Each structure stands twice: as C-alpha cells, then as structure tokens.
Amino acid sequence: MKKLIYTLLFSLISLFSFAQTSLITGRVVVDDAIEGQDVIPGILVENEQTHAKILTNENGIFSINVSVGDLLNFSNDFYEERSVKVTQEMLNKGFIVVHLNIEVVELGEANINQLDKNWINNIKNQKSKETILYENLGLDPSIKDKKVDPNASSVLNGNGVLDPSQWVSMISGRKKKAKQQDQYFKEVNKISNLQNYYTTDYFTQNLSIPDYKVNEFVTYCYSNFGLEQLVNQNNYERIQEIFEDQAPKYLKKIQQK
C-alpha cells in the first residue's frame, strides 16, 4: 500500500515539474543578412500552447514563459516563418538563438520591350505642358525656343506674317513674364546708376547709412518718393534733399528691427 502511495506521489511530482513554466530568453538573427543588420526587431514570438506573444526588441531579444514541449513560432512579413520546440536542455541554458532566413518573394512574369541597338533611341523624353499646347494648336513645338522681344508691340514678324511664337507666348504667359523681368532689370539699373552717381562714401559718411544697407536705402527712396521722375528731370538737388530727409528715419527703422 505504501509502495503504491509513493509511486503515485512521485508521478504527481514529476507531472508537476514537467508542467511548470519557466522564463526563457532568446535572440533572433538572420543568417543571410548583411553583417551588422543581422539582428531583427519586431519578430512575433508566439507560444502555440499558451498563446502568449511577444515581439523582439531593437536588439532582436525576447523573453517568454514556456514549458518543455511547447512550440514557439517566429514570424514576420519579410522573413520565413520558423517553429522551435522547447527542450529541457534549452531551459537549462536559459538562452537560445533562433535563426531566420529572408523570405524569397517570387515575382510574376515581367514583359521587357526589346531595346534598340542605338541606345539613344531607347530614351523617351516626357512632353512638357507647353509642348503639348503647341502640338494641339498644330504648331511646331521648336518655335517655343525662339527668343521673344518683351518690348515688341506688334504680333507681325519681319515677313509681315503672323508670328506664332508671339501669340502662343502670350497664351502661355511667357511674354508677360518677360516684360516684368525687363521692367525689373531696368529699375535695378536705374537704382544702381543713382547709387553710383552719389557714391557709396556719400551714403556711409554723410548720411551714416551702413555700407551693406546703401542699396536697400536707395531702393526704398526710389520706390516711395518718385525718384524716377526726378532722375528724368535731372533734378538731383531734390533727390539729395529726399536722401538727407529720409536717412534719419530709415536708420531709426532699421535700429528698431
């Protein structure tokens, strides 16, 4: 009777020992990865028996509760899935290394057009919106590269024929932009000439304008006090009066900034 009790007790203890769980730690690496990139974060580790789940950290490390005989599944969208059965030896070591392979994705059939022996013929340039506009109007797109005179008042060319480059340019806005650019550079030249007329020393020494602010000051006066008209009238005395009147106000403004 005692022998039977001892046998049952030993079996229960063995069964309890077998069924108890232990925390095991491991690391997931990729065999065919580039050196230094072989540890993989975000691998899902799942105990198939207990349904416990954990993700590997940035160093590919994980820890999960297991029992001998449990099946651990390792999965990720970019790697081949793998299953590892837990053994007593693994539990004794307390640490395992699991190796995964990068999943090979089989691509569908690709259709490749035959290339011309002359490689230049294989290059296809994408048409611009402007080129498409010319073609829709039945015109040669190459005329768009013809230089447009921003000051031209006539849409007739030298042969007395309607010049397509002129009115197409007006449609696309190029002529308007060219006029704006021409006007801008004319104004810049006038300001530069005015600045040179009085010399930089005049502005820095007589008016105390910082050297790097001279052009800005002249531009400010030119745009706000009608200096263009005074230049056309050769009224440089009045221009000088405006400079001397505005210099203290301008200096005060830049000091406030």
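Here, every reference points to the structure presented above.
*Asks:* Would you mind going over the sheet that holds strand β7 (residues 95-100) with me for this structure?
*Replies:* The pairing of strands in a sheet comes from backbone hydrogen bonds and takes either a parallel or an antiparallel form. Pairing in this open sheet of three strands is mixed, and the strands run β4-β1-β7 from one edge to the other. One side of each edge strand has no neighbouring strand; the edge strands of this open sheet are β4 (61-66) and β7. Direction aside, the axes of adjacent strands within the sheet are offset by 35° on average. Bridge analysis of strand β1 (residues 22-30) against β7 gives six bridges, and the strand direction is parallel. Its bridge partner being in β7, Val30 is matched across the sheet by Leu100.

*Asks:* Is there a simple way to explain unusual backbone geometry in this structure?
*Replies:* With glycine set apart, most residues show a phi of negative sign, and most peptide bonds adopt trans. The backbone of Thr199 sits at a positive phi, close to 75°, despite the residue not being glycine. Within the element layout of this structure, Thr199 appears in the loop between α5 (174-198) and α6 (200-206). Residue Thr199 is classed as partly exposed on the basis of its relative accessible area of 39%. A positive phi is found at Ser208, a non-glycine position, where the angle reads about 65°. Within the secondary structure, Ser208 sits in the loop between α6 and α7 (214-224).

*Asks:* Would you explain the side chain of Thr56 in this entry?
*Replies:* Take Thr56: it is sitting in the loop between β3 (53-55) and β4. The exposure class of Thr56 is buried, given its relative accessible area of 6%. Among the polar contacts listed, one links the side chain of Thr56 to the backbone nitrogen of Ile43, at a separation of 2.9 Å. The residues touching Thr56, leaving out its near neighbours within four places in the chain, are Val28, Ile40, Pro41, Gly42, Ile43, Val45, Ile61 and Phe62.

*Asks:* Sorry if this is basic, but what is going on with the sheet that holds strand β6 (residues 79-85) here?
*Replies:* Overall, antiparallel pairing links the four strands, which are arranged β3-β2-β5-β6 in an open sheet. At either end of the open sheet lies a strand with only one pairing partner, and these are β3 and β6. Pairs of neighbouring strands in the sheet enclose a mean axial angle of 15°, with direction left out of account. Relative to β6, strand β5 (residues 71-76) runs antiparallel, the two sharing five bridges. Bridge assignment links Asn73 to a residue of β6, and that residue is Ser83.

*Asks:* Can you help me understand the environment of Thr25 in this one?
*Replies:* When you line up the elements, Thr25 lands in strand β1. Along the sequence, Thr25 and Ser63 sit 38 residues apart, while their C-alpha atoms lie 4.2 Å from each other. Not counting chain neighbours up to four residues away, the residues in contact with Thr25 comprise Ile61, Phe62, Ser63, Gly94, Phe95 and Ile96.

*Asks:* In this structure, what is going on with the nonpolar core? I would like to understand it.
*Replies:* Side chains of a nonpolar character, in soluble globular proteins, are inclined to be buried together. Ranked by internal contacts, the top residues of the largest apolar core, which has 21 residues, are Leu194, Phe203, Leu207, Ile209, Phe217, Leu227 and Phe243. Residue contacts for Phe243: discarding those within four places in its chain leaves Leu194, Tyr198, Tyr202, Phe203, Leu207, Phe217, Val218, Cys221 and Leu227.

*Asks:* Sorry, what's going on with the packing of aromatic side chains here?
*Replies:* Each aromatic ring pair is characterised by the separation of its centres together with the angle its planes make. Inspection of every chain in the model, using the stated rule, returns 14 aromatic pairs. Between Phe217 and Phe243, the aromatic rings sit 5.7 Å apart at their centres with planes inclined by 45°, giving tilted as the arrangement. Separated by 26 residues along the polypeptide, Phe217 in helix α7 and Phe243 in helix α9 (residues 236-256) bring together distant segments of the chain. Comparing Phe217 with Phe243, the two get one shared label, buried. Between the aromatic rings of Tyr220 and Tyr250, the centroid separation amounts to 5.9 Å while the plane-to-plane angle is 40°, which identifies the pairing as tilted.

Rules used throughout
- Residues numbered from 1 in each chain as written.
- Predicted model: local features only at pLDDT ≥ 70, side-chain atom pairs only at ≥ 80, totals over all residues.
- Heavy atoms only, no water.
- Pairing = 2+ DSSP bridges.
- Helix = DSSP H or I, 4+ residues; strand = E, 2+ residues; numbered from the N terminus.
- Axes fitted to C-alpha atoms, helices over the stretch in contact; angles between N-to-C directions.
- Buried < 20%, exposed > 50% of the residue type's maximum accessible area, 1.4 Å probe, protein only.
- Polar contact = N/O pair within 3.5 Å; in protein donor to acceptor, adjacent residues only side chain to side chain.
- Contact = heavy atoms within 4.5 Å.
- Core = buried A, V, L, I, M, F, W, Y, C linked by side-chain atoms within 4.5 Å.
- Phe/Tyr/Trp six-rings, centres within 6.5 Å; stacked < 30°, edge-to-face > 60°.

Functional significance is not addressed by these values, which are geometric in nature.
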